[in-house]
Amino acid sequence: QVQLVESGGGLVQPGGSLRLSCAASGSIFSINAMGWYRQAPGKERELVAVITSGGSTNYADSMKGRFTISRDNAKNTVYLQMNGLKPEDTAVYFCYAYLKITPISSDINVWGKGTLVTVSA
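These notes cover the structure that comes with them. Here the structure is a predicted model, which is why all the values come from computation and not from measurement. (Residues numbered from 1 in each chain as written. Predicted model: local features only at pLDDT ≥ 70, side-chain atom pairs only at ≥ 80, totals over all residues. Heavy atoms only, no water.)

## As for the pattern of salt bridges
For clarity, the cut-off: A pairing counts as a salt bridge when a side-chain nitrogen of Lys or Arg comes within 4 Å of a carboxyl oxygen of Asp or Glu. Put simply, DSSP H or I for four residues or longer makes a helix, DSSP E for two residues or longer makes a strand, and each gets a number counted from the N terminus. The buried label goes to any residue with under 20% of its type's maximum accessible area, the exposed label to any with over 50%, and the partly exposed label to all in between, with areas taken from a 1.4 Å probe on protein chains only.
Taken as a whole, this structure holds 5 salt bridges when the rule is applied. We note a salt bridge from D89 to R38, for which the minimum N-O separation is 2.9 Å. Residue D89 is located in the loop between β8 (77-82) and β9 (91-100), and its partner R38 is located in strand β4 (residues 30-39); the two are separated by 51 residues in the primary sequence. Side by side, D89 and R38 carry an identical accessibility label, which is buried. A salt bridge links D61 to K64; the nearest nitrogen and oxygen atoms lie 3.2 Å apart. A relative accessible area of 63% places D61 in the exposed class. Several salt bridges share partner residues, and in doing so they unite R38, E46, R66 and D89 into one network.

Structural data, given as structure tokens:
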């Protein structure tokens, strides 16, 4: 079984910074990509950023220039550095992984439970 555990959420003032971490544990053969999604109250879940095992990244337009995603492949961990936070960034942030459990298994999607980020003065 594979589990994603997020950490680093909390309360931050507008303009502040926060760094989220997500560690994947369990039986993992390889991780194709990891990323972050978020869901604000009353809104649909949206992509924040993703990063492949090769290091290519993709960001939602509203996050470009403010958020940075990175990986530590040795630790099966993905990070999200969030700078210049705005109140509209307030949401539950979910970690995501696209991975293989065994060499011959199909790729599967795994989701974390989420960590709350609140941006408020």
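## Quick look at the packing of aromatic side chains
Just so we agree on the cut-off: Paired rings are identified among Phe, Tyr and Trp, the last through its six-membered ring, by centres lying within 6.5 Å, and are further divided according to the angle between planes into stacked (under 30 degrees), edge-to-face (over 60) and tilted (the rest).
Evaluated as defined, the whole model comprises 3 aromatic pairs. Measuring from ring centre to ring centre gives 5.7 Å for Y37 and Y96, while their planes differ by 75 degrees; the resulting arrangement is edge-to-face. Taken together, the positions of Y37 in strand β4 and Y96 in strand β9 put the pair 59 residues apart, joining distant regions of the chain. Through a chain of ring-to-ring contacts, three or more aromatic side chains come together here, namely Y37, Y96 and W111.

## Considerations on the sheet that holds strand β3 (residues 18-26)
Strands pair in a sheet through their backbones, by hydrogen bonds, and they do so in one of two ways: parallel or antiparallel. Note the threshold: By the convention used here, strands pair only if DSSP detects at least 2 bridges between them. The axes used here are C-alpha line fits, helices contributing only the stretch in contact, and every angle between their N-to-C directions lies in the interval 0 to 180 degrees.
If you walk across this open sheet you meet the 4 strands as β1-β3-β8-β7, and the pairing is antiparallel. At either margin of the open sheet sits one strand with a lone partner, and together these are β1 (2-7) and β7 (67-72). Ignoring strand direction, the axes of neighbouring strands in this sheet form an average angle of 15 degrees. With 6 bridges joining them, β7 and β8 adopt antiparallel strand pairing. Along β8, the bridge assignment pairs T68 with Q81.

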